[in-house]
Amino acid sequence: MRLRAVALGIAASVSMSFSALAGELTFWHAYSGQQDKVDFINYALEEFGKAHPDIKLNVVAAEQSSYKTKLNTAMASGNPPDVFYTLPGGFLGAFVAGNQMYSLDDALAKDGWGESFLSSALAQTTMGGHTYAVPIDIDSSVFWYNKKLFAEKGWTAPATYDQLLELCEKIKADGLVPFALGNKDSWPATFWFQYLEMRLKGSGIVSGFVAGNADATLGSEGTEAFKRIADLSAKGYFPVGFNGMSDQEANMLFLNGQAAMMLNGTWQIGASADASDDFELGFFPFPTVAEGKGDQSDILGGVAAAFGIAEKTTNKEDAVTLLRFLTSPAVMTKYVELRKTMVTVKGATTEAAAGPVLYGISNDLMGKAANLDPFYDTAMPPKGTDTYYTSLQGVLDGSVAPADAAKRLEEALKAK
Amino acid sequence: MHLNSRWSITRIGVLAFLSVHVLVVIFPFVWMAYSTLKTNKEFMRSVWSLPATPSLDAFVQAWNTGALGTYSLNSLIVMLGSTVLAVVVATAGGYALAVYRPRWLAGIEIGLMIAMAIPAYVALVPLVVMLRAMNLLDTHLGVVLPTAAFNVPVTLFIMRAFFVTLPRDIIEAARIDGCSEFAIFWRIAVPIARPAMFTAAIVNMIWVWNDFLFPLVFINSPAKKTLPVGLADFVGEHITNYPVMLAAIFLAAIAPLVLFVFFERQITTALTGGAVKE
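These numbers were taken from a predicted model, which means no experiment stands behind them. (Residues numbered from 1 in each chain as written. Chains lettered and ligands numbered in written order. Predicted model: local features only at pLDDT ≥ 70, side-chain atom pairs only at ≥ 80, totals over all residues. Heavy atoms only, no water.)

J.: Can you walk me through the overall build of chain B in this structure?
T.: Within chain B, the secondary structure is distributed over 13 helices and zero strands. Mapped from its N terminus to its C terminus, chain B presents α and β elements in the order α-α-α-α-α-α-α-α-α-α-α-α-α. Over its C-alpha atoms chain B spans a radius of gyration of 24 Å, topping by over 25% the 19 Å that the globule rule assigns to 278 residues. Counting only C-alpha atoms, chain B reaches 75 × 75 × 30 Å along its principal axes. The proportion of buried residues among the 278 residues of chain B is 41%. Partitioning the contacts of chain B with sequence separation of at least 6, the portion at a separation of at least 24 is 73%. (Helix = DSSP H or I, 4+ residues; strand = E, 2+ residues; numbered from the N terminus. Rg over C-alpha atoms; globule rule 2.2 N^0.38 Å. Buried < 20%, exposed > 50% of the residue type's maximum accessible area, 1.4 Å probe, protein only. Contact = heavy atoms within 4.5 Å.)

Encoded structure:
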């Protein structure tokens, strides 16, 4: 495998300076840095090579966080790869705004390719009525709990927010931390705000701002959501020093039984795979909020990654062939099997491939949810995300008043 | 006072302090070494515990996942290339600024200061455009040139600071003896400046060895990646296999360690050489 990667690399270096010829594509992806990601992309590219020996791929891989820098630089310098991995929302939006993305509308209309995707997922890569990338996987956020610990202590998963608060008191009285949270990178706490806003006011709030709806507002619910988070923090339901702790460090508290619950994404399934035998992963949906106006079955879930084609690409036909191959049911089911992540292609998240926990979330929670609300922080334009992160950290450590945080966020979202 | 000079209280105190210090400094390395022998499960259960059944699996996986040998070699090429280039340019430039004191010296210095203040991020896009025009994208030379350019200003200041202390009498004497300007530089100044050049080179090497941004953006081929970029492949976004990552870091640290062992004397003399002028 390594030899092949090296060979591909040498080939890539030779052809890099020329624009891709017919039958040849530069392909950039961020499936590196993790065994399951590497296994998936190796499988997909190998199968592609067998199915389409006439198309030569020059593959460039980078690890997720550095990939963004690399791709942004390539796009800004007018040197985009032909087919590439991108994030939905604001990240893709910037490329679309710069007229750098090829519209996939015609291709998706052919042979029912477009129909094979969940429409809620495709909506997240569609801007101004045109689809600019095909969504691959869906991350969702739910409450995770340690089943063995709950059984031992006689606790039950709460259904309402008030029950959740009662449970927290019990857990604290037992000397444990109710919620594992490591908010150093700012994104882990966002699920709290978004779920509270969704329960209190409803789904689609931030999407409304992004779409430029004049009546989009966080409402008084925004302040209320921040207030509830400040309360949780003031009551000591999060670990000591959580704003300086990484998500992975917080995860250790959870896996070692020092913290009882965690509000986190579906990647928790993979992160719990190496836990000790005293741990068993369970999940429950974010509890209902009695006075909330939102649909209480809504789930926070959004497209995690997508693939697009650059407008500059000369060989668009082969590029579409590659995208169709990557999003074919067989490849997508393999994706579910290897990565334990839900995918956007209908019917590909099978029980056999997903395993019981993921299938449960996909079937019982997402299947029954009235709405899927995409992750606020990736849907927002970058400036809004910064404000969102800093306000939330401030509310959590008590340095920013909930009302001020809501006001700042509202202004940032209106400014676009 | 009749204290045993070998075991005076002060001496024992100093030794005790240094021993504690050494332990504190060494512990992370020891921890890293024994953690590589654990499984990820064991690591997750307890960060401090010793491995129950030591296994070298992490090393095998680390070695198989990336191409650590290739990455190291690439790092070495980029490091030596840009260091030599930066030090050569800076030595000549520092000498000229110190010895000839051009009329626009202040202007040059301000220019260099401004150049030092430019963050590399700002220059990324123009650099990619230039490198592409020169057909240097995805080549080691394409990393070496901008890296050296960014390191020249600081290196030049180090070299100039040294040449300023060079007694002018030596140069005057050489001139009177009919030595050409280039010969004065090459046969008199450069040999004297060797310790300073070594210091500058070491500072450069450390920067370049650890540099992440330029190799990340300018290099595409897996076979040309440098160590920091290659090692990033071991860090997952949400899940990290710590023993494998530590094993990779451990293997990656071997090359600089060997270099240090071989050049230890030169490095320590170089670092202290400029401190006192005899």
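So much for the structure itself; the text now carries on.
J.: What should I look at first to understand the domain arrangement of chain B in this one?
T.: Where interface size is quoted, it is often the accessible area lost as the parts come together. All names here are of chain B. In terms of domains, chain B is made up of domain 1 (2-58) and domain 2 (67-272). Relative to domain 2, the C-alpha centre of domain 1 lies at a distance of 33 Å. If you look at the interface, domain 1 gives 10 residues, while domain 2 gives nine residues. For the domain 1 and domain 2 pair, buried surface summed over both sides reaches about 820 Å², with 84% attributable to carbon and sulfur atoms. Counting across the domain 1 and domain 2 interface gives zero salt bridges. Our enumeration of links across domain 1 and domain 2 arrives at one residue pair in polar contact (both at pLDDT 80 or more). Looking at the side of domain 1 that touches domain 2, the elements that each hand over two or more residues are α1 (9-35) and α2 (40-45). Here the side of domain 1 that touches domain 2 gets four residues from one element, more than from any other, and that element is α1. (Domains from an automatic or database assignment. Buried area = accessible area lost by both parts, 1.4 Å probe. Salt bridge = Lys/Arg side-chain N within 4 Å of Asp/Glu carboxyl O. Polar contact = N/O pair within 3.5 Å; in protein donor to acceptor, adjacent residues only side chain to side chain.)

J.: Quick question: what am I supposed to make of the domain arrangement of chain A here?
T.: Residues and elements named next belong to chain A. Structurally, chain A comprises domain 1 (2-135 + 304-348) and domain 2 (140-301 + 362-414). The C-alpha-based centres of domain 1 and domain 2 are spaced at 31 Å. At the interface, seven residues of domain 1 touch 11 residues of domain 2. Roughly 610 Å² of surface becomes buried between domain 1 and domain 2 when both sides are summed, with 67% attributable to carbon and sulfur atoms. Linking domain 1 to domain 2 there are one residue pair in polar contact (both at pLDDT 80 or more).

J.: Just to check I follow, could you spell out the interface of chain A and chain B for this structure?
T.: Facing the 39 residues of chain A at the interface are 42 residues of chain B. Of the roughly 3300 Å² buried between chain A and chain B on both sides combined, carbon and sulfur atoms contribute 55%. On inspection of chain A and its partner chain B, the count reaches one salt bridge. Its salt-bridge partner being K41(B), residue D277(A) comes within 3.9 Å of it at the nearest N-O pair. Put simply, chain A and chain B have seven residue pairs in polar contact (both at pLDDT 80 or more) between them.

J.: Which parts of the structure should I look at to understand the UniProt feature "transmembrane region" (unreviewed entry) in chain B?
T.: Residue and element names in this part refer to chain B. Feature annotation in UniProt assigns "transmembrane region" (unreviewed entry) to the following positions: residues 12-34, 76-98, 110-131, 143-163, 184-209 and 242-263. For residues 76-98, helix accounts for 100% and strand for 0%, while the C-alpha atoms at its two ends are 32 Å apart. Structurally, residues 242-263 is divided into 100% helix and 0% strand, and its ends, taken at the C-alpha atoms, are 32 Å apart. (UniProt positions renumbered as here; feature names shortened; annotations may be inferred.)

J.: Sorry, what's going on with empty space enclosed by the protein here?
T.: A probe as big as a water molecule, rolled over the atoms, marks out the empty space that is left. Enumeration according to the criterion identifies five cavities of 30 Å³ or more in this entry. Approximately 70 Å³ is the volume attributed to the largest cavity. W28(A), K70(A), T73(A), A74(A), N79(A), V128(B), L137(B), V217(B), F218(B) and N220(B) are the residues that line the largest cavity. Elements supplying a minimum of two residues to the lining of the largest cavity: α3 (64-76) of chain A together with α11 (213-218) of chain B. Among the elements that make up the lining of the largest cavity, the one with the highest residue count is α3(A) (three residues). Considered class by class, the residues forming the lining of the largest cavity number six nonpolar, three polar and one charged. (1 Å grid on protein atoms, 1.4 Å probe; cavity = no way out; pocket = protein on both sides within 12 Å on 5 of 7 lines; lining within 4 Å. Points joined across faces, edges and corners; volume = space filled by probe spheres on them. Nonpolar A, V, L, I, M, F, W, Y, C, P; charged D, E, K, R; others polar.)

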